[in-house]
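So you can see what is in the structure, the chains are spelled out below.
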Amino acid sequence: MNFGKRIVLLLVVLAVLTGSAFAQKKPTIVIMPKLVGIPYFNASETGANQAAKDLGINVIYTGPTTADASEQVRMLEDLISKGVDAICVAPNDPAAVAPVLKKAKAAGIVVLDWDTPADKALVDLSVHQIDDKVFGEHVWDCLVKEMGATGDYAIITGGLSAANLNGWIDAGLAYAKVKYPKLRLVTDKVASDEKQQMAYQKALDLIKAYPNLKGIIGMSTPAPLGAAQAVQEKGLKAKIAVVGTALPTSSRPFLEDGSLRVANLWDPSKLGYLTVYLANELVKHKKPVNGMDVPNIGKITILADGKTVIMAPPTDFTKENAKNYTF
Amino acid sequence: MRNAAIGKFIQRFKNKEAFLFLVFLLLFALMSVISPGRFLTWRNLQSMASQFPEFGIFAIAMMVVVVSGGINLSITFTAALASIVGGILLSRMSAAGIAPALVLLAAIPTMLVVALACGALNGLVIASIGVAPMLATLGTMTLFEGICLNITKGGSIAGFPDAFLWFGAGSILGLPFPLILFIVVAVASYFIMERSAFGLKAYMIGCNPTVSAYSGINVKKVLYGVYLFSGLLCALAGLLMSSRYNSAKESYGSSYLMLGISAAVLGGTDIAGGYGKVVGTVIAVMILQVISTGLNIFGVNRYIINVIMGGILILVLGLNLIGSRGKKTS
């Protein structure tokens, strides 16, 4: 096998020769969403790429194809090996990414979470689009405005471990216990794993199981659309009020016929832009300050813990204004 | 004519496994060349050495069953169930303030026992009742998934003591613990399957179960042993995953089922049973790992990586087939 041995030797020599390190001039920032391929995260990708262009840096926007925490961990491990300057992740499960974020920090990489929080002790900054308590309470206020303060309602959420969704739901439930005591949650929150089809299926099941259902809250952008689809199909849009987090363009058909009453969200591309901007500031060793003005975003708030960044108050998308938005 | 030439090239290698090793070296060199200074680094080698063992153990768990003429579709949910039950112990006992050492001492054997129970169920349905392995393990796979979902309601189990993370992140003498565990598993599997009477019987059953039975082999006992062993390996894979991901969920590792079958087959295991070497499976696992990490580092789109893995699988299997045909004609 002389010939085989020769090939092996040649290849090993080649590999070792090219193993020398190359200096990287432009900072590289990784933005990892919960998953790729849904409109919300496609919109944040646009914002992130715009920031890359404006700031003159490299942005790698990548994520798993399903909302899978273990896939995120494996991708992050490879990206740490690749040698990046900052990692911004929207974790599907904060506990699952804790070990790999520890590894990133040990490698000297700036770590941020965005859209949904990871373990606060492990991140340098936590970029939130909105104050979680304010948002949760606002969604419940919208629900009550549509269905009234008494009656049965259900919650369809995205992934059960997503800290952002759980934060809004817990805040909303605590608020409703005090302010709307006559609202009755019929069952524990139901998962739809960021899949509109699954939300649609679960909504149909809820409608069948609880005939007195008057409202559905959808948390995570595919959920209200799936619920609205179910309500529309069953012709129950006058009876059941669907509200929740959704993008104006994808909600428009449901808003127009009333199967979705109102969608609460913000501009995800702004969130992507802000995350890249802040990560770049940290890479340059510049700590962001409370009330600073970020180009294209506006004034941001940083909470007393020095880590939590709040972008802006939420926007309500309704039948009337949905057409004014492009995301 | 061309087939004979390719066949002759492949025959230069003593066997399929040597050819596979060359493919691995080629791919390793290729990945190093396209990402200079980033693939061939100590950090990346350690990172890969932590990633592939969970997959590798699943691949071996699949291989030992396939050589006996069966298949085990329930490997990933066996691991998930074991890690979920163990995880509940880990988090509840930890929250109750019990010392980490005791918590681990309780949880880890529990994981092994749960997985062995799963393996025993497989053995019962396949060996005692006589259901075809594919159907039986399809059933047990769904059963285990259902039990997992019933326990977790779709969420994940978290709250593990920090000490537990050592299994996924710790190292001994510079070698990550997952790698050490994998080496132990691979060597043990080699001796159990290829160097013992039990293993020989498993291969014989894979070749022809009827003849084996008439030759005086206790087919039932051997099959039980095979599925129990497979289950035990799944527990170890589950241990690694729950430590690396600091949580337990029914969906962790679900992609490893198809990948495990691919690795076993790529490694030269005959899907009909009767042939398969541990070393072949190990090299196949390393090939798939190198492709995945190498392309991730190079920056290839997620979706294309799967296409490439499938392409390499087909290429190597095709070349193997041509090589074996070449041997027959020459």
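Residues numbered from 1 in each chain as written. Chains lettered and ligands numbered in written order. Predicted model: local features only at pLDDT ≥ 70, side-chain atom pairs only at ≥ 80, totals over all residues.

Scanning chain B for helices and strands turns up 14 helices and 2 strands. Each principal axis of the C-alpha distribution contributes one length, and for chain B these read about 70 × 60 × 35 Å. Going through the 330 residues of chain B one by one, you find that 51% of them count as buried. Residue pairs in contact within chain B that sit at least 24 positions apart in sequence constitute 78% of those at least 6 positions apart. (Helix = DSSP H or I, 4+ residues; strand = E, 2+ residues; numbered from the N terminus. Buried ≥ 20, exposed ≤ 12 C-beta atoms within 10 Å, placed from the backbone. Contact = placed C-beta atoms within 7 Å.)

It is at 9 Å that the axes of helix α3 (residues 69–82) of chain A and helix α3 (residues 42–67) of chain B come closest, and there the two elements cross at 165°. On the basis of the axis angle, α3 of chain A is roughly antiparallel to α3 of chain B. Considering only the axes of α3 of chain A and α3 of chain B, their crossing is left-handed. Of the residues in α3 of chain B, those touching α3 of chain A at Arg-74, Glu-77, Ile-80 and Ser-81 of chain A are Arg-43, Asn-44, Ser-47 and Gln-51 of chain B. (Axes fitted to C-alpha atoms, helices over the stretch in contact; angles between N-to-C directions. Parallel < 35°, antiparallel > 145°, perpendicular 65-115°, else oblique. Left-handed = near helix turned anticlockwise from the far one by under 90°.)

Below, the discussion takes up the packing of helix α4 (residues 75–95) of chain B against helix α6 (residues 133–152) of chain B. The geometry of a pair of packed helices is captured by two quantities: the angle between their axes and the separation between those axes. All names here are of chain B. Between α4 and α6, the shortest axis-to-axis distance is 9 Å and the interhelical angle comes to 30°. Between α4 and α6, the crossing angle belongs to the class labelled roughly parallel. As α4 packs across α6, the resulting crossing turns out to be left-handed. Here α4 contributes Phe-77, Thr-78, Ala-80, Leu-81 and Ile-84 to the contact with α6, which in turn contributes Met-141, Phe-144, Glu-145, Ile-147, Cys-148, Ile-151 and Thr-152. Grouping the amino acids of the contact of α4 with α6 by side-chain chemistry returns 9 nonpolar, 2 polar and 1 charged. (Nonpolar A, V, L, I, M, F, W, Y, C, P; charged D, E, K, R; others polar.)

Side-chain direction in a regular strand flips from residue to residue, so the side chains alternate between the two faces of the sheet. Residues and elements named next belong to chain A. Counting buried residues in strand β6 (residues 151–157) gives 5 out of 7 residues, a clear majority hidden from the surface. Bridge analysis of β6 against strand β7 (residues 183–185) gives 3 bridges, and the strand direction is parallel. Across the sheet, Gly-151 pairs through a bridge with Leu-183, a residue of β7. Crossover connection from β6 via helix α6 (residues 163–179) to parallel β7: handedness right-handed. Here 5 bridges tie β6 to strand β9 (residues 213–218), and the two strands are oriented parallel to one another. Within β9, the position partnered with Ile-156 by the bridge is Gly-218. Of the pairings in the sheet, the one linking β6 to strand β8 (residues 190–191) comprises 2 bridges and is parallel in character. By the bridge assignment for β8, Ile-156 is matched with Val-190. (Pairing = 2+ DSSP bridges. Right-handed = clockwise from strand over helix to strand, strands pointing away.)

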